[in-house]
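Inside the fold
Letter by letter, the chains look like this.
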Amino acid sequence: MNSDLIIGRERELTELRRAVDRAPGALPNVVLHGDPGVGKTALLNAGIAYARDQGVRVIGGCGFESEAKLAFAGLHQLFAPVMDYVEKVEPFQRDVLRRVLGLADGPAPDRLAISVASLAVVAAVAADGPVLIAVEDAHWVDHPTREVMMFILLRLGRWDLRAVFARRSLTAGERVTPGINTIEVAPLAGAAAGELLDLLHPGLPPAVRQRVLDEAAGNPLALAELPAVIGTDAATPMEMFPSGTPVRTRLEAGFAGRALTLPAPLRAALLVTALDGGGLENTARPVALTAADVLEIERLGLVTRDSTPSGVRFRHPLVRSAITGTASPDELRTAHMVLAERYKSDPEHRIWHLAAASVEPDEAVAAEIEVAAQAISVRGGTGPAVNALGKAADLTPDPAEASRRLHLAAELADESGQLDLAARLLDKAKDAGGDPGRVLQGRTTRARILLLRDGDLAAARSILARLPDTTGPALDRALTIRVIVASYRQDAADWAEVDALLAGRSGGGLVDLVNGVLNPGAVEDRSPALRSAFDDMPDPAPPGHVAELCRAAAWLDTLHEHRVRIRSLIDQESGAGAITHAAGGHWFAAHEQFLAGQWDEAETSATTGLDLCIRHDLELPAHDLRLTLGWIAAARGDEDTAREYSRTVERWAAARGSGLHMTLSARNLALAALSAGDYETAYHYCVQVAAPGDLPCAAAYAPWLVFDLVDACVHLGRLGEAEVHLRAADGLEARTPRLRLHLTAAHAMTADYDDAVTRFQTALALPRIEQWPFDHARVRLAYGELHRRNLQPGEARPQLRRAADIFGRIGATAWHRRAEQELRATGVTATGHPRRAATAARPAAVPELTAQQLEVAELAASGMTNKEIGERLYLSPRTVSAHLYRIFPKLGITSRAALRDALADCSTASPDASGGAVM
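Residues numbered from 1 in each chain as written. Predicted model: local features only at pLDDT ≥ 70, side-chain atom pairs only at ≥ 80, totals over all residues. Heavy atoms only, no water.

A few words now on the pattern of salt bridges. Taken as a whole, this structure holds 45 salt bridges when the rule is applied. When the shortest N-O distance is used, the salt bridge between Asp711 and Arg778 registers 3.2 Å. Residue Asp711 is found in helix H35 (residues 706-716), and its partner Arg778 is found in helix H39 (residues 773-789); the two are separated by 67 residues along the sequence. Take Asp711 and Arg778: they sit in the same class, and that class is buried. (Salt bridge = Lys/Arg side-chain N within 4 Å of Asp/Glu carboxyl O. Helix = DSSP H or I, 4+ residues; strand = E, 2+ residues; numbered from the N terminus. Buried < 20%, exposed > 50% of the residue type's maximum accessible area, 1.4 Å probe, protein only.)

Structure (structure tokens):
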């Protein structure tokens, strides 16, 4: 459809112009989405034309199906016209982009570095004048480029930038990121459709005109094309289609009928272009068309003349699909071979065309595809690499070699979250009659599928119970999975099996390091060995190797040393990469951020990872992340949320025998109880993991609950039990520096006053304890409580003030309140942390409300939104909403508007409403 004939789109055009003009209140981005032929391209072109009329520079490109699997192909399009600006950014950013665009050697940088560097380039372009980023068929842009573009879209405001994207309709499951202005381009209304049809095809007989309107259903492209089909000698007349046939099918058939009238050489040239995806406008890949050829194609309505370098382009994406759809298999293979030869210097493009052009088994072709697939997988393209390896296996003449490639494809499918596909590839590998040596490789992949998808620890253990007497990467991978299964089961017999399997090994590899960290029988500090393993890792490293080292770092409390690796794991492997390791990356990030006191960031990381796991049916890591969310809630003092997560996890874990999940759930519930000062409940949950004086050899996480158990015992007057438990933990402080802090402080809590002071000072003098602010603040709180109980208020105050400041800063609301109460008991008037809610007169007792629920209720009654309350109390808006959901029935109300009166009534009814110092 001619872009000048835009009828019935006043709202869309207004939004586009407001975005281009950066009008007040308008978002500087617009994403047009709708069905094929509905007019998205016409509107996009209108926006581009308006921008150019206003003196705005236009950069961007178009998504192509053939390039959707090529990482950063879209970024290459975006920057190709402005490569001079790449040289103007900082040297590091220039190096990042040159590597990503294939202009320099080196490993692929992480996604954050690529996004920041890309933003720097478009900002540099905008420094020379206003810029519009315009992208057509954005749904076909490769996933890594889409992530970069989303990063840029959300940061347009600081520069003279705006963006307009056009893409197919959003699906029901797609989420729209806040800050993105999406506009659905719907079919034209009846009057507008009739007006457009009369302008395009004046003088149609009434019967034909009505039929076109009925068949087109408001689709502008159909209004333009159907009159040429109805009542003509087209290859596919409309009568061939049953009632209700989609407009897309009718239009595609119309274009196909016209293409079939072209001479065979001309159709072959168009087929090469359609398969290449670049369109006739891409002069970098010219098609041998004469001026007469172009005129003939244009006469048939398959191309249009425009301002692209070649002056012509396909009229609509449906033209491309029509041309490929009418080609014979032999014609398609010939065209793909032409393209494979054209891309000899570009392996990632070449392998897809080479695979499509091949029919007979050919080892040389299969080997070339495998090499390229391996390179793609290391660069964050694990998903596409699976398809390439599957094709390589199909083209492999030797059954044993085909089986090997299928097993490798299954491994990558497993890592990329395509677990069902991985299982099918394993079945196919068995059918291929491969080498028996591949059996172990297949068993390990099946065990990992069962572990990740179902959490079936028993089945994974059974599959790997008997391992062959051999060596090599396959055995190491199997043993590593076996160690991980044992770490979840926390069963003494299971660890004995692992010890037997590892007996006699020379040691030194990844499996020995992971076992040395996760195995509860190990007490040696493996941090130096882990640092060496990180230093010796190849670059780029396989994501699975990075993930296992990060798992070990989490147990050794050294994740903070490897933040760059974690970020790279998330950025590089999300999208089309190794999804299962990206999910692990989110858990590592959340764990490290929690320990670092960055609880909002930890919650975001865990929630993002949980969404990823749910989308890919990764049950085991999903429950790992739920436990992290429960840990955050417990530390904040949000008991209800912590209990909800624990109930969910325990129902799942109990049926699967996952002792680790049950232990971590108990840890969360104990911490939530300690946050509320409920020491009896905290003691109950701690002894579920380890009774006083008994640290189960199989429960690797039990030592990290010693501090909590001692804290509960001291407040309950059970010093004997605390001392017995500490004796059982003797020698474990060498495991990690954070555990040393815990155990030193726990010993101080049970000692006589003078000895306790010395031990607390020793704990607080340990190196780098500030990197664990929550643990650090808890130790200072315990130290201050010791001084206050021994009538040393002057010594207590600085410890309690420091503890209160740290708790307030990180959002440990309940702990902050407890530290302030201790301060008041020393004679100090605690004014509250400046970022925490302060209430002049709060009800002393509100029926059934926890302390945090009361605080949320008061802030909501004051008129604050959930987001504002969350920022004040360091809670997520979702957690605030959950609190209010429970508060309303307790107060006998149904809305926020009734909160103020309900709280006032409770205050009036309370005999202690005047308040007073807390002792």
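Now that the structure is up, let's keep going.
Positionally, Thr580 belongs in helix H29 (residues 579-595). Using a relative accessible area of 7% as the deciding quantity, one classes Thr580 as buried. Here the side chain of Thr580 touches Glu415 through a polar contact of 2.8 Å, landing on its backbone oxygen. When near neighbours in sequence (up to four residues on either side) are disregarded, Thr580 contacts Asp414, Glu415, Gly417, Arg448, Leu452 and Leu618. (Polar contact = N/O pair within 3.5 Å; in protein donor to acceptor, adjacent residues only side chain to side chain. Contact = heavy atoms within 4.5 Å.)

Applying the stated criterion across every chain, the model contains 12 aromatic pairs. Between the aromatic rings of Trp599 and Phe774, the centroid separation amounts to 5.3 Å while the plane-to-plane angle is 70°, which identifies the pairing as edge-to-face. Of this pair, Trp599 sits in helix H30 (residues 599-615) while Phe774 sits in helix H39; the two residues are 175 residues apart in sequence, bridging distant segments of the chain. Ring geometry for Tyr701 against Trp704: centres 5.6 Å apart, planes inclined by 25°, an arrangement best described as stacked. Both residues of the pair, Tyr701 and Trp704, belong to the buried class. Note that Arg17 overlies the ring of Tyr50, its terminal NZ or CZ placed 5.6 Å from the centroid. The lysine or arginine in question, Lys88, covers the ring of Tyr85, its NZ or CZ lying 4.3 Å from the ring centre. (Phe/Tyr/Trp six-rings, centres within 6.5 Å; stacked < 30°, edge-to-face > 60°. Lys NZ or Arg CZ within 6 Å of the ring centre and 35° of its normal.)

Here the focus is empty space enclosed by the protein. Scanning all chains against the criterion turns up 12 cavities of 30 Å³ or more. Lining the largest cavity we find 33 residues, and of these Tyr488, Arg551, Trp587, Phe588 and Asp624 sit closest to its centre. Of all the elements in the fold, those that place two or more residues in the lining of the largest cavity are helix H21 (439-454), helix H23 (473-489), helix H27 (543-555), H29, helix H31 (619-636) and helix H33 (659-675). Residues that form the lining of the largest cavity fall into these classes: 20 nonpolar, 6 polar and 7 charged. In this structure, the second largest cavity spans a volume of roughly 130 Å³. What lines the second largest cavity is simply Phe594, Trp631, Arg667, Leu671, Tyr701, Trp704, Asp708, Arg738, His742, Phe774, Asp775 and Arg778. Elements that contribute at least two residues to the lining of the second largest cavity include exactly H33, helix H37 (737-750) and H39. Sort the elements by how many residues they give to the lining of the second largest cavity and H39 lands first, with 3 residues. By residue class, the composition of the lining of the second largest cavity is 6 nonpolar, 1 polar and 5 charged. (1 Å grid on protein atoms, 1.4 Å probe; cavity = no way out; pocket = protein on both sides within 12 Å on 5 of 7 lines; lining within 4 Å. Points joined across faces, edges and corners; volume = space filled by probe spheres on them. Nonpolar A, V, L, I, M, F, W, Y, C, P; charged D, E, K, R; others polar.)

Remark on secondary structure: sheet strands pair via backbone hydrogen bonds, oriented parallel or antiparallel. Pairing in this open sheet of 5 strands is parallel, and the strands run E2-E3-E4-E1-E5 from one edge to the other. Either end of the sheet is taken by a strand with one partner, and the two such strands are strand E2 (57-62) and strand E5 (182-184). Put simply, the sheet's adjacent strands are angled 15° from each other on average, direction ignored. As paired strands, strand E3 (residues 131-136) and strand E4 (residues 161-168) are joined by 5 bridges and run parallel to one another. For Val131, the partnering residue across the bridge sits in E4 and is Leu161. Of the strands in this sheet, strand E1 (29-34), E2, E3 and E4 touch helix H2 (residues 40-53), which is tilted by about 165° from E3. (Pairing = 2+ DSSP bridges. Axes fitted to C-alpha atoms, helices over the stretch in contact; angles between N-to-C directions.)

End to end, H29 covers 25 Å across 17 residues, agreeing with the expected 24 Å (1.5 Å per residue, within 8%). Among the 17 residues in H29, 17 count as buried, and that is most of the element. Gly597, located one to two residues past H29, shows a positive phi value of around 80°. (Expected span 1.5 Å × (residues − 1).)

Next up on the list: the pairing of E4. Among the 8 residues in E4, 7 count as buried, and that is most of the element. As judged from the 6 bridges shared by E1 and E4, these two strands associate in the parallel manner. Of the residues in E4, the one forming a bridge with His33 is Arg167. The parallel pair E3 and E4 is bridged by helix H7 (residues 143-153), and the resulting crossover is right-handed. (Right-handed = clockwise from strand over helix to strand, strands pointing away.)

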